[in-house]
Amino acid sequence: HPTQKPVKLMEHLVLKSSNEGDVVLDCFMGSGSTGVACKNLNRKFIGIEMDDKYFKIAKDRINE
């Protein structure tokens, strides 16, 4: 994804802005770095992505 963020950065932001078990919403999911961070940190995640290509990439990354 052209603006993909490092998972470590997203983990830092998720840690600072949520608690375990919280739900995090990413309205522009792209390749899913926020979703991966949430999975790693025991947060629930809702992601929205219009592009089927990136949705599949995100889904595969989050479900690894």
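The structure contained in this document is the topic of the report that follows. Everything numeric here is computed off the predicted structure, so don't read it as measured data. (Residues numbered from 1 in each chain as written. Predicted model: local features only at pLDDT ≥ 70, side-chain atom pairs only at ≥ 80, totals over all residues. Heavy atoms only, no water.)

### Here we look at the pattern of salt bridges
When the charged atoms of two side chains with opposite charge come close together, those side chains can pair. Threshold: Note on definitions: salt bridges are taken to be side-chain nitrogens of Lys or Arg within 4 Å of carboxyl oxygens of Asp or Glu. Labels follow the DSSP assignment, with helices taken as runs of H or I lasting at least four residues and strands as runs of E lasting at least two, numbered in each case from the N terminus. Categorising residues by exposure relies on relative accessible area from a 1.4 Å probe, with only protein chains included: less than 20% of the type maximum marks a residue as buried, more than 50% marks it as exposed, and the intermediate range marks it as partly exposed.
Counted by the stated rule, this structure contains two salt bridges. For E11, the salt bridge goes to K8, with nearest N and O atoms at 3.6 Å. Of the two residues, E11 and K8 both sit in helix α1 (residues 7-17), three residues apart, roughly one turn of that helix. Residue classification places E11 among the buried positions, given a relative accessible area of 12%. Exposure remark for K8: the relative accessible area of 67% places this residue in the exposed category. Note that D60 is salt-bridged to K56, the shortest N-O span being 2.9 Å. Residue D60 and its partner K56 are both found in helix α3 (residues 52-62); the two are separated by four residues, about one turn of the helix. Look at D60 and you get partly exposed, because its relative accessible area is 40%.

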